[in-house]
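A closer look at the structure
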Amino acid sequence: MPAERRVVRVEVDGRDLELSNLDKVLYPASGFTKGEVIDYYTRISNALLPHLRNRPLTRIRYPNGVDGNSFFEKNAPAGTPDWVRLETLPAPGSTKGREMLDYVVCDDLPTLVWLANLAALELHTPQWQVGADPDLMVMDLDPGAPAGLVECCGVALLLRERLAADGIASYPKTSGKKGMQLCCPVSGRQSADVVSGYAHRVAEELAREAPKLITAQMAKRLRPGKIFIDWSQNNAAKTTVTAYSLRAQPNPSVSTPVTWAEVEAAADGEAGAVRQFPAAEVLDRIEEYGDLLIDLLDHGPELPSR
């Protein structure tokens, strides 16, 4: 059998899996293979899994690599092993008109390896856990060219100060594509409408204070040269790329937690202080820093209603 089509049988934490096409190149610009994708997700799993646990998972699959066709997948695919956790949940906005879907919940390493073998490169989760209100708020910073990651870092610092005034801690990570996000632990006792409403008010407030740098409006014609603070990521139907997820870029970049010192350095013009880090470097960063988002696993404060 050709090498790229061989099936390898492995045992992962007591579960039997068949891994296939391990030599298939999924990132042609760098030669990064499916085997390397599985290896990355296995090695990062101790940091990644706590951020996936108990959250319904949306996957973006690239069976023919990042240069080929892709598809979003919310429903469990045919052939899902019976040991994979599934949760039947409402599916607002389903493109197939379904009211309920069987979502995969990735609570363990065997499930993560199974998903990686399906070329589920990107992992996206909502701000809430199954059966609960949001325990996270996300402020998504999307740069409109010629603005870029440096400008995102400047806005992130403004957001940090504004959120801190309400007693809200914020933790930065890159998106792995163009921008970055601030992740904030919240109480888990307020609805998505309350969380989204608060995020919207803060975004509009900063846009009024720095109109040449920030916009809180979604219209793309208003974004060139500005940072769009996308507060809508807190809508109950929305998902955000999970920390440590790969992204479908020419090279295997990762949504990477960064330190506030790195953000400050980038905003001050230090080249490369914050960038879209590749998978190999993220594994090194875990060795150096551990999980910089570990505090997101604890509930935070309630948000002001007005």
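Residues numbered from 1 in each chain as written. Predicted model: local features only at pLDDT ≥ 70, side-chain atom pairs only at ≥ 80, totals over all residues. Heavy atoms only, no water.

**Looking at unusual backbone geometry**
- The residue after alanine 145, namely proline 146, is reached through a cis peptide bond having omega 10°.
- Assignment of secondary structure puts proline 146 in the loop between β10 (136–143) and α4 (149–165).
- The phi dihedral of asparagine 21 falls on the positive side, at around 55°, and the residue is not glycine.
- The phi torsion at alanine 119 lies on the positive side, around 60°, for a residue other than glycine.
- One can find alanine 119 in the loop between α3 (109–117) and β9 (120–125).
- Here alanine 119 falls in the buried class, since its relative accessible area comes to 4%. (Helix = DSSP H or I, 4+ residues; strand = E, 2+ residues; numbered from the N terminus. Buried < 20%, exposed > 50% of the residue type's maximum accessible area, 1.4 Å probe, protein only.)

**Quick look at the environment of arginine 85**
- Tracing the backbone through its elements, the reader meets arginine 85 in the loop between β6 (71–73) and β7 (86–90).
- The partly exposed category is assigned to arginine 85, whose relative accessible area is 26%.
- Once the C-alpha coordinates of arginine 85 and asparagine 54 are considered, the two residues, 31 residues apart in sequence, prove to be 9.4 Å apart.
- When neighbours within four sequence positions are excluded, arginine 85 is seen to be in contact with Asn54, Tyr103, Val104, Val105, Asp107 and Val130.
- For arginine 85, the side chain forms a polar contact with the side chain of glutamate 87, separated by 3.0 Å. (Contact = heavy atoms within 4.5 Å. Polar contact = N/O pair within 3.5 Å; in protein donor to acceptor, adjacent residues only side chain to side chain.)

**Topic: the environment of glutamate 11**
- Tracing the backbone through its elements, the reader meets glutamate 11 in strand β1 (residues 7–12).
- Separated by 100 residues in sequence, glutamate 11 and threonine 111 have C-alpha atoms that sit 12 Å apart.

**Comments concerning the sheet that holds β10**
- Read from one edge of the open sheet, five strands run β11-β12-β10-β14-β13, paired in mixed fashion. Every interior strand has two partners, whereas the edge strands, β11 (171–174) and β13 (214–215), have only one.
- Two elements, β10 and strand β14 (residues 227–230), share four bridges in a ladder whose sense is antiparallel. Residue aspartate 142 lies in a different strand from β14, and its bridge partner there is phenylalanine 228.
- Contacts from α4 reach β10, β12 (180–185), β13 and β14, with the element oriented near 20° to β12.
- The strands touched by helix α5 (residues 192–209) within the sheet are β10, β13 and β14, with β10 carrying the most contacts at an inclination of about 35°. (Pairing = 2+ DSSP bridges. Axes fitted to C-alpha atoms, helices over the stretch in contact; angles between N-to-C directions.)

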